[in-house]
2 protein chains.
Amino acid sequence: MIQWKNLDELVSFERLKELKNEVDLKAVLSGAGAADRVAEYQIPIAAGLVWNYAARQVDDKVLEALGNLAAEAQLQEKYQALYNGEMINTGEKRLVLHQLTRGQLGDPVKADGVDKRKFYEEQRERIADFADRVHSGEITNGAGEPFTSVCQIGIGGSDLGPRAMYIALHNWAAQTGNLLMDAHFISNVDPDDPAGVLSEIDPAHTIFILVSKSGTTLETLTNEAFVKKALISRGLNPADHMIAVTSETSPLAKDSGYLAAFFMDDYIGGRYSSTSAVGGAVLSLAFGPEVFARFLSGAAAADKAATEPDLLKNAAMLDACIGVYERNVQGCRATAVLPYSQALSRFPAHLQQLDMESNGKSVNRFGEPVNYPTGPVLFGEPGTNGQHSFYQLLHQGTDIIPLQFVGFRESQLATDVEIQGSTSQQKLGANVAAQIVAFACGKEDSDNNKAFAGGRPSSIITGDRLTPESLGALLSHFENKVMFQGFLWNLNSFDQEGVQLGKTLSKKVLAGQTDGALQAYAGLLGI
Amino acid sequence: MIQWKNLDELVSFERLKELKNEVDLKAVLSGAGAADRVAEYQIPIAAGLVWNYAARQVDDKVLEALGNLAAEAQLQEKYQALYNGEMINTGEKRLVLHQLTRGQLGDPVKADGVDKRKFYEEQRERIADFADRVHSGEITNGAGEPFTSVCQIGIGGSDLGPRAMYIALHNWAAQTGNLLMDAHFISNVDPDDPAGVLSEIDPAHTIFILVSKSGTTLETLTNEAFVKKALISRGLNPADHMIAVTSETSPLAKDSGYLAAFFMDDYIGGRYSSTSAVGGAVLSLAFGPEVFARFLSGAAAADKAATEPDLLKNAAMLDACIGVYERNVQGCRATAVLPYSQALSRFPAHLQQLDMESNGKSVNRFGEPVNYPTGPVLFGEPGTNGQHSFYQLLHQGTDIIPLQFVGFRESQLATDVEIQGSTSQQKLGANVAAQIVAFACGKEDSDNNKAFAGGRPSSIITGDRLTPESLGALLSHFENKVMFQGFLWNLNSFDQEGVQLGKTLSKKVLAGQTDGALQAYAGLLGI
């Protein structure tokens, strides 16, 4: 029997609070046992990825307390309930089924009269078939010419994830002969976004993917109109160039203005939709359906790994628990994601949405205010770039910010140069290893300005190479971590009521129904 | 006589602390006087930009206390000392002269035996002349063909600012006939960064700009070697394709391997270098020297505006003071920069370095530990994109995060579409106006999950259009804000000792001089 309790109602959380500042990171990572600790404190995720938490502020006592917390909070039971189709998104009264887009973790889930796994599979196959026909030249533009590019029109969850995944695999695909079409993205209602993208592509040979679950997203419909106008002005027929990804109940679903429509549903939140048709259409067109399937297989394997009941063998679950320890016991308010991989340049922006939109909430799943901090600010940029930017504050600032590194042993393009006895890839790896130790252990110096206090926790996910499989596993790790954290905080991680008020007020401005401050601010913007 | 005191040594700060939670933002922005407040609480910056702080948590009492703080902290005297050439960067024993790259605010400053304003002017003119000769076809590649692209090789301050400025003006330049060469950037030591960029450009018609003040930056020299190897493999002579931006004392300065070398010096920190030769070379080549001069003129005008002694007429100084009130009295730990302009997509990443690297410190300018929080985490993405991502947490999360909006009344490309009675540009403006009011005033609801507490402070900088002048003013506003804040916290905002330890340890890894944790982590990365 699952019980949904607030974090501060859990006995094990009271015990955890007693362990504040339990671990001297500097001591445990400087001492003789440091190498053993690094070897011991790691858990495989999937697709060759391993999560190492030796530089987090934990020891046997903290880990035991976290084990009790995970058990008392029934994290595994809740995860099981989720993938077995219980109504976990209570606010919107929806199931949470994004994991079914990539595998069958538990029981068959039936909703809306159909087996949902089959439904998602069917959509994936329909997309694969469509993409194959585009690639083979069977589906062409109005002039019978092949399409060479794809352009996604979407915002938020219909943009950040798919865009980050495309960028992440672009070089890998180029290197392995899988770059079949180049992809572009339009998201912002700022007219300079669509106008700028359109000026850089060849619309006559581009398929546009309109992505909106509801079919009513203001930005997306506006940008669709923008693109259609541009196509028409070039003598092109929009219906020859556009496909839709939407829900079957949306107004777009039956619109004859599209070459095809592919479906997701209300059980897949935008920020969890990269493995659904939302990511599937653009990634299958860009890289081919097989690459997309490989991406899904990596995610499925990591989902499976997250079903492990033993906390010390479950990376996503332990990552979530340590994060709550840092946030609610150690008092940290932000976390940085630092991939040492240029290909992951927009992965932090995707995680920023995934994490902050899921768990940036002040009421529990029953709508009652909670009395503890929930989701932190999440930000990040790729290393080594960040080292020459905001790392100053991470090392010597007055707040402690836990860090999540990602690093690979091989590059994607396999082109390198050896300078001063090492390759660029080795320099990259040396830098991330050095940073972890620098943050944890610090350095004494008689000049305070050159001293490093250390004690700054981090973990790292390592892998051989960023491939479709490892990218899928990486994505799934963070999705599951966020969901486990939502369970710990007793939040509904699947709604986003916080975006509604701005929408409502913005409509008022556009309708001229303003007074007071709203009118005054609209005036500043010339409206 | 200037006195450098810690924030908590100031009498006026004690008074300010008594004003915690003084202002009920919801009340002042919902009430009858709200429109008046919006009209009153604004200060012109320069180039048509106006900073409006009606939605910050201030009233007459707080403003008076901040006025006393600014006076007691001698903010204007310190700013004057800086631009008149006192040694403000005490840690590195350097003057701070980036403002001389764009104007003469005070006395002539002589250093290294020369008038520094003249020196920077001379470099700007040398770059202008070089760029003109490239554009006219006088300077060509080895085959006598014109150069069509430029590619900057730099990292941190030699990358983020110039890249953000290039992106900010790209569409404007395309629209106004000023896009003379397209620009690209290589920064990361990850070999996939240079390999990826090289695969997308035409190296035979590209000028590469190597930017490193010291001429010793690991990433930059490695990437230069990478590029040179690629050029040679294509039968091209690197010396026909490369220019350097460096200090006169660097090993690069006299290297015959460059078409030309342009100079900055130790008095310009990397993160303050966009208006020096560091930004000058790439922006003058991409957009022409006149556009770069216009950018400088906007920055110069905002620098001048920051010399205003009256706090209520000095946007940068008041912005800094309110920021300290939020950080040190109200207890906020992060701040978000949210430009409603797709062209400013990388502007937050530049500000992230500018702010966090300048003020992310725990010791004062004398190397003594401070007992109060200093620089916050800074992050951001363009609106309306962010609205569909992390705004959930900003609206309904458990922490209050002050926001800095930016918005323009006109787009850059002047192509728009009218849907449902409004243009995209109007929708964009309506959204930012709506967000400010939503954050400040919130909304009651019997369903807590749909309720918004409000009380979340923001300010907005508005302008007609993002042009070279307004971009320069925008940049300068934030530079000056950061410097004023450094004065308040009594920090040296111009060094970055926090980046050194990672460099040292990384060299150890590459030299194989590791044991313990460092060796173990290097092993995880395959080294």
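Residues numbered from 1 in each chain as written. Chains lettered and ligands numbered in written order. Predicted model: local features only at pLDDT ≥ 70, side-chain atom pairs only at ≥ 80, totals over all residues. Heavy atoms only, no water.

A. Here's a closer look at the overall build of chain A. Counting secondary structure elements, chain A contains 18 helices and 15 strands. For 527 residues, the compact-globule estimate of 2.2 N^0.38 gives 24 Å, and the C-alpha radius of gyration of chain A, at 24 Å, lies within 12% of that figure. Expressed along its principal axes, the backbone C-alpha trace of chain A runs to roughly 70 × 60 × 55 Å. Sorting the 527 residues of chain A into buried and exposed places 67% on the buried side. Sequence separation of at least 24 residues holds for 75% of the intrachain contacts in chain A that already meet a minimum separation of 6. Put simply, chain A shows about 16600 Å² of open surface, and 47% of that area lies on carbon and sulfur atoms. (Helix = DSSP H or I, 4+ residues; strand = E, 2+ residues; numbered from the N terminus. Rg over C-alpha atoms; globule rule 2.2 N^0.38 Å. Buried < 20%, exposed > 50% of the residue type's maximum accessible area, 1.4 Å probe, protein only. Contact = heavy atoms within 4.5 Å. Areas by Shrake-Rupley, 256 points an atom, 1.4 Å probe, with all protein chains shown as cover.)

B. Molecular detail of the packing of aromatic side chains. Taken as a whole and judged by the stated rule, the model has 36 aromatic pairs over all chains. Between Phe130(A) and Phe262(A) the ring centres are 5.6 Å apart and the planes differ by 70°, which places this aromatic pair in the edge-to-face class. Linking Phe130(A) in helix α6 (residues 116-135) with Phe262(A) in strand β9 (residues 260-264), this pair joins segments that are 132 residues apart in sequence. Here Phe130(A) and Phe262(A) have matching classes, each one buried. Judged by centre distance (6.0 Å) and plane angle (55°), the ring pair of Tyr166(B) and Phe185(B) falls under tilted. (Phe/Tyr/Trp six-rings, centres within 6.5 Å; stacked < 30°, edge-to-face > 60°.)

C. Representation of the sheet that holds strand β11 (residues 377-379) of chain B. Residue and element names in this part refer to chain B. The sheet built from 6 strands is open, its strands ordered β1-β2-β15-β12-β10-β11 with mixed pairing. The open sheet has two free edges, formed respectively by β1 (42-44) and β11, since each of these has just one partner strand. Across the sheet, the mean angle from the axis of one strand to that of its neighbour is 15°, orientation sign disregarded. Pairing of strand β2 (residues 50-52) with strand β15 (residues 458-463), which is carried by 3 bridges, proceeds in the antiparallel orientation. Opposite Asn52, over in β15, you have Ile460 as the bridge partner. Where helix α15 (residues 424-441) meets the sheet, it contacts β10 (334-340), β12 (403-408) and β15, and its direction lies at approximately 155° from that of β12. (Pairing = 2+ DSSP bridges. Axes fitted to C-alpha atoms, helices over the stretch in contact; angles between N-to-C directions.)

D. Layout of the pairing of β15(B). All names here are of chain B. By the criterion of burial, β15 is predominantly enclosed, with 6 of the 6 residues buried. A two-sided burial pattern is seen for β15, the buried positions comprising Ser458, Ile460 and Thr462 on one face and Ser459, Ile461 and Gly463 on the other. The sheet contact formed by β12 and β15 spans 6 bridges and is parallel. Across the sheet, residue Val406 finds its bridge partner in β15, namely Ile461.

E. Spotlight on the packing of helix α15 (residues 424-441) of chain A against helix α18 (residues 516-524) of chain B. The contact between α15(A) and α18(B) brings their axes to 8 Å, and the two run at 145°. Where α15(A) crosses over α18(B), the two elements pack in a sense that is right-handed. Contacts between α15(A) and α18(B) involve Ala433(A), Ala434(A), Ile436(A) and Val437(A) on the former and, on the latter, Ala517(B), Leu518(B), Tyr521(B) and Ala522(B). Among the residues making up the contact of α15(A) with α18(B), the classes are represented as 8 nonpolar, no polar and no charged. (Left-handed = near helix turned anticlockwise from the far one by under 90°. Nonpolar A, V, L, I, M, F, W, Y, C, P; charged D, E, K, R; others polar.)

F. Summary view of helix α5 (residues 75-83) of chain B. Residues and elements named next belong to chain B. Within α5, 7 of the 9 residues are buried, which leaves it mostly tucked inside the rest of the structure. Elements in contact with the buried residues of α5: α4 (60-72), α11 (289-305), α12 (315-328) and α16 (468-489). The positive-phi residue at the C-terminal boundary of α5 is Gly85, with phi of around 95°.

G. Representation of the sheet that holds strand β6 (residues 182-186) of chain A in the model. All names here are of chain A. Spatially, 5 strands are ordered β6-β5-β7-β8-β9 in an open sheet, and the strand pairing comes out parallel. Each edge of the sheet is formed by a strand with only one pairing partner; in this case those strands are β6 and β9. Adjacent strand axes in the sheet meet at a mean angle of 20° when their direction is disregarded. Of the pairings in the sheet, the one linking strand β5 (residues 149-153) to strand β7 (residues 206-211) comprises 5 bridges and is parallel in character. In the sheet register, Cys151 faces β7, and the bridge partner there is Phe208. Strand contacts of helix α8 (residues 192-200): β5, β6 and β7, with the helix running at about 160° to β6, the strand carrying the most contacts. Where helix α9 (residues 218-233) meets the sheet, it contacts β5, β6, β7 and β8 (242-247), and its direction lies at approximately 160° from that of β7.

H. Geometry of the environment of Gln152(A). Relative to the assigned elements, Gln152(A) resides in strand β5. Side-chain polar atoms of Gln152(A) contact the backbone oxygen of Ser158(A), separated by 2.9 Å. (Polar contact = N/O pair within 3.5 Å; in protein donor to acceptor, adjacent residues only side chain to side chain.)

I. Spatial organisation of the relation of the copies chain B and chain A. For the pair chain B and chain A, the superposition axis carries a translation of 0.0 Å, the fit reaches an RMSD of 0.0 Å, and the rotation angle comes to 180°. One copy is carried onto the other by what is essentially a two-fold rotation axis. For chain B, the minimum C-alpha distance to the rotation axis belongs to Phe379(B) and amounts to 3.3 Å. Of the interface residues in chain B, 100% have counterparts in chain A that sit at the interface too, so the contact is made through matching surfaces. (Least-squares fit on C-alpha atoms with pLDDT ≥ 70 in both.)

J. Just the interface of chain B and chain A, in detail. Taken together, the contacts link 132 residues of chain B with 133 residues of chain A. Looking only at chain B, the three residues that lose the most surface to chain A are His388(B), Tyr521(B) and Leu525(B), adding up to 7% of its buried area. Across the salt bridge formed by Lys450(A) and Glu497(B), the nearest N and O atoms sit 3.1 Å from each other. Counting across the interface, chain B meets chain A through 56 residue pairs in polar contact (both at pLDDT 80 or more). Per-element tally for the side of chain B that touches chain A: the top contributor is α15(B), with 15 residues. In terms of residue class, the side of chain B that touches chain A is made up of 57 nonpolar, 54 polar and 21 charged. (Buried area = accessible area lost by both parts, 1.4 Å probe. Salt bridge = Lys/Arg side-chain N within 4 Å of Asp/Glu carboxyl O.)

K. Just the packing of helix α7 (residues 160-176) of chain A against helix α13 (residues 347-359) of chain A, in detail. Residues and elements named next belong to chain A. One way to put it is that α7 packs onto α13 with a least axis distance of 8 Å and a crossing angle of 155°. The angle between α7 and α13 places the two elements in the roughly antiparallel class. Judged by the twist between their axes, the crossing of α7 over α13 is left-handed. Judged by residue contacts, Leu160, Gly161, Ala164 and Met165 of α7 engage Phe347, Ala349, His350 and Gln353 from α13. (Parallel < 35°, antiparallel > 145°, perpendicular 65-115°, else oblique.)

L. Here's a closer look at the nonpolar core. One finds Leu66(A), Phe379(A), Tyr521(A), Leu66(B), Phe379(B) and Tyr521(B) to be the most contacted residues of the largest nonpolar core, which totals 362 residues. Leave out the neighbours within four places in its chain, and Tyr521(A) touches Leu29(B), Val38(B), Asn52(B), Ala54(B), Ala55(B), Ala433(B), Ile436(B), Val437(B) and Ile460(B). (Core = buried A, V, L, I, M, F, W, Y, C linked by side-chain atoms within 4.5 Å.)

M. Structural view of unusual backbone geometry. Residues and elements named next belong to chain A. The amide bond that connects Gly383 to the next residue, Thr384, takes the cis arrangement and shows omega of 10°. Checked against the element boundaries, Thr384 lands in the loop between β11 (377-379) and α14 (391-396). One non-glycine residue, Ala414, lies in positive phi territory at about 55°. As for its position among the elements, Ala414 is in the loop between β12 (403-408) and β13 (418-419). Residue classification places Ala414 among the exposed residues on the basis of a relative accessible area of 58%.

N. Region of interest: the pattern of salt bridges. All names here are of chain A. In the structure shown here, the tally under the stated rule is 51 salt bridges over all chains. A salt bridge links Glu92 to Arg94; the shortest N-O distance between them is 3.5 Å. The partner of Asp129 in a salt bridge is Arg133, with the nearest N and O atoms 3.6 Å apart. Note that Asp129 and Arg133 are positioned in helix α6 at a spacing of 4 residues, about one turn of the helix. Of the residues examined, Arg133 reaches a relative accessible area of 31% and is grouped as partly exposed. Shared partners join several salt bridges into a network, and the residues in it are Arg56, Asp319 and Glu326.

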